[in-house]
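Observations on chain architecture
Given next are the chains, with one letter for each unit.
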Amino acid sequence: MKTPICDFAKNYAEKNPVRVHMPGHKGVNLLGFENIDLTEMEGADDLYHPEGIISESENNASQLFGCKTVYSTEGSSQCIRAMLYLAALYAGEKGEKLRVLAGRNAHKTFLSACALLDFSLEWLVPENTSSYLCAVISKEEIKELFGKSTLLPHVLYLTDPDYLGNKVDIKGISEVCKEFGVLLMVDNAHGAYLKFLENSEHPIDLGADICCDSAHKTLPSLTGGAYIHINDNAPEVFKREVKCALGMFGSTSPSYLILQSLDKVNEYISCGYKEKLSAFIIKLSKLKSDLIEAGFCFIGDEKIKFTFDAKKYGYTGDELAEILLEKNLVTEFHDPDFLVMMFTPETSDEDLNIIKNALLSIKKREEIKKAPPLFTLSEKKLSVREALFKTRENIAVEEASGRISATLSVACPPAIPIVVSGEIIDEKAIECLKYYGVEKIEVIKR
């Protein structure tokens, strides 16, 4: 497959022109790649109005994913805001304000979009969820909820896979959404690779109207590379306005290094990636089996993510992560309950052996029985938008009872707030915050 963006940058650098245009480094290497770091100029095309090399490259990506696919150089965060803007345009065509029903484990970017676009938001919280990071819900629950609703949402917004590797029945839920005339939007940031499994599990192939993927999470793109994918059956406004939507929330100087990376990923995918992924999953499954035999326990459904239920091995996730860090093994995420490792076919056999030996060297201990506090939805006092534009102050979590949460200042990973802006912080929320190590919280100033 051709790589038009990469080819243009390479040819430009080889000509060694006098650069009296941006960027300011003028092609002089400080880090080693400045000679191919470009900007919008003659022949380089424009990400938000592509007619040349970027358009060609996005068409290549569209062929690979089997739907209209466009690029983001600012990760799925830019895509999430853009997708919700498109949904707002869709609702506007009906003369209505956008209504969204969303799984509570949404990334904080979703909430910043809520503040910017000021849409109506209702949360979807499964009963007895084991972690605030999870919102696994069935198609039956969605159907029952829609059936009882007096005013359906325009959009059902789900995060799938979630941060811990849990997956929901996107196919079944999409069928329910179609039955009730609700659009299905998926944050698939962790699942770009799902398209290339032996049997695709990508949200678009399972019936979602629109989704985003972070190419940099599970494909070999530079950090920041991402996609919006639009189903052929999605509302026409999605396809017509997607570039405008991305431009609303993206820099007018998108990174040409990231664009070249996305361009090169097309070639990578087209040159045997599906077979490479399949072979790697077999290796990873063997490693997982060996670890289970040694006493480790896992949760989640993802094929290239390990989520250890650490307490069943006698450790907290934080403790396991610290032990592994001492062995020069850096994990994706850890908290009191879980430890997450993310793999790709770029993980070498040598690295898999290092991981196996490091884990098997950790002696199994008696199971830790202490369960996390049950996550519950806090009472809403203000909208997200109202809360984010109020004056705020930072106080100790212990002093926050009865106060209203103000900002989305949560760490990434996992970038999922326990208490959302505009919600009243109650004792259950305080228990949850303290359990996950949150000591200070921003609240609306009295």
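Provided above is the structure to which this section pertains.
Read on for a plain summary of the structure. Keep in mind that this is a model prediction, so the values were computed, not measured. (Residues numbered from 1 in each chain as written. Predicted model: local features only at pLDDT ≥ 70, side-chain atom pairs only at ≥ 80, totals over all residues. Heavy atoms only, no water.)

1. Here's the deal with the nonpolar core
Where we set the bar: Working definition of a nonpolar core: buried Ala, Val, Leu, Ile, Met, Phe, Trp, Tyr and Cys residues. They are joined through side-chain atoms within 4.5 Å. When a residue's accessible area, from a 1.4 Å probe over protein chains only, is under 20% of the maximum for its type it is buried; when over 50% it is exposed; and in between it is partly exposed. The helix count covers DSSP runs of H or I at least four residues long, the strand count covers runs of E at least two residues long, and both are numbered beginning at the N terminus.
If you look at the biggest cluster of nonpolar residues, it comprises 119 residues, and the most contacted ones within it are Phe110, Leu156, Tyr157, Ile228 and Met341. Of the residues forming this core, the biggest block, 10 residues, is contributed by helix α3 (residues 75–93).

2. Examining the packing of α3 against helix α8 (residues 236–249)
What counts, and what does not: Axis lines are fitted to C-alpha atoms, over the contacting stretch for helices. Their N-to-C directions set the angle, which ranges from 0 to 180 degrees. Angle categories: roughly parallel below 35 degrees, roughly antiparallel above 145, roughly perpendicular from 65 to 115, and oblique for all the rest. Handedness of a crossing follows from how the near helix is turned relative to the far one, being left-handed for an anticlockwise turn of less than a right angle and right-handed for a clockwise one. In what follows, a contact means two residues having at least one pair of non-hydrogen atoms within 4.5 Å. Under the scheme applied, nonpolar residues are Ala, Val, Leu, Ile, Met, Phe, Trp, Tyr, Cys and Pro; charged residues are Asp, Glu, Lys and Arg; polar residues are all the others, including Gly.
Orientation of α3 relative to α8, taken along the N-to-C sense of each, is 130°, at an axis distance of 8 Å. Judged on the interaxial angle alone, α8 and α3 are oblique. α3 and α8 meet at a crossing whose hand is right-handed. Here Gln78, Cys79, Arg81, Ala82, Tyr85, Leu86, Ala87, Leu89, Tyr90 and Glu93 of α3 lie close against α8, whose contacting residues are Val237, Phe238, Arg240, Glu241, Val242, Cys244, Ala245, Leu246, Met248 and Phe249. Here the residues of the contact of α3 with α8 are counted per class, giving 15 nonpolar, 1 polar and 4 charged.

3. Focus: unusual backbone geometry
In this chain, Met22 is followed by Pro23 through a cis amide linkage whose omega measures 0°. The residue Pro23 is located in the loop between α1 (4–15) and α2 (53–65) in this model. Of the consecutive residues Asp160 and Pro161, the connecting peptide bond is found in the cis state with omega at 0°. With respect to the secondary-structure elements, Pro161 resides in the loop between β4 (155–159) and α6 (170–180). Positive phi is not limited to glycine here, since Lys26 has a value of about 55°. Mapped onto the secondary structure, Lys26 falls in the loop between α1 and α2. For Lys26, a relative accessible area of 38% puts it in the partly exposed group.

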